[in-house]
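Tertiary structure, described
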Amino acid sequence: MILNQKTGYEVEEMIDNKGKNKYQEIFKKAHDYVRLKMRVENINSKLMTNLQNPEIKKKILKIEEIISD
């Protein structure tokens, strides 16, 4: 399996080994994890760059409320 980082780790080439392995299952879990991690890092980065924004406190309070549920 060949992945392309530039396209969000989309599969460029895959070889099917006739069900002898679980690459597809493992790839799906890893792909989902990496995409979620990238989204969280992006949100964190945006929050850190907007610390001077007067509305940031309201946004952080909303995020904390959602996380605590």
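To keep things clear, this report deals only with the structure shown in the data block. (Residues numbered from 1 in each chain as written. Predicted model: local features only at pLDDT ≥ 70, side-chain atom pairs only at ≥ 80, totals over all residues. Heavy atoms only, no water.)

Quick look at the side chain of His 31
To keep things clear, this is the line we draw: Strands are runs of DSSP state E lasting at least 2 residues, helices are runs of H or I lasting at least 4, and numbering of each runs from the N terminus. Buried means the residue's accessible area, taken with a 1.4 Å probe over protein chains only, is under 20% of the maximum for its type, while exposed means over 50%, and partly exposed covers the values in between. It only takes one pair of heavy atoms within 4.5 Å for two residues to be counted as in contact.
When you line up the elements, His 31 lands in helix 1 (residues 23-49). The class for His 31 is buried, based on a relative accessible area of 15%. Residue contacts for His 31: discarding those within four places in its chain leaves Gly 8, Tyr 9 and Glu 10.

Topic: the pattern of salt bridges
What counts here: We count a salt bridge whenever a side-chain nitrogen from Lys or Arg sits within 4 Å of a carboxyl oxygen from Asp or Glu.
In this structure the tally under the stated criterion is 4 salt bridges. A salt bridge links Lys 29 to Glu 25; the nearest nitrogen and oxygen atoms lie 3.5 Å apart. With Lys 29 and Glu 25 both in helix 1 and 4 residues apart, this pair spans about one turn of that helix. Classification of Glu 25 by relative accessible area gives partly exposed; the value is 43%.

Remarks on helix 2 (residues 56-68)
As a reminder, the rule being used: A helix is expected to reach a length of 1.5 Å times the quantity of its residues less one.
For helix 2, with 13 residues, the first-to-last C-alpha span of 18 Å sits near the 18 Å given by 1.5 Å per residue. Counting buried positions along helix 2 yields 1 of 13 residues, so the element is predominantly exposed.

Comments concerning a nonpolar patch on the surface
Threshold: A residue counts toward a patch only above 30% relative accessible area and without a salt bridge, and it is joined to like-charged neighbours within 9 Å or, for Val, Leu, Ile, Met, Phe, Trp and Tyr, to nonpolar neighbours within 5 Å. In short, Shrake-Rupley with a 1.4 Å probe defines the accessible areas, and a residue's cover is counted only from the protein chains shown.
There is a patch of nonpolar side chains on the surface, built from Ile 43, Ile 63 and Ile 67 and spanning about 280 Å² of accessible area. As for its placement among the helices and strands, Ile 43 is situated in helix 1. Ile 43 sits in the partly exposed class, given a relative accessible area of 48%.

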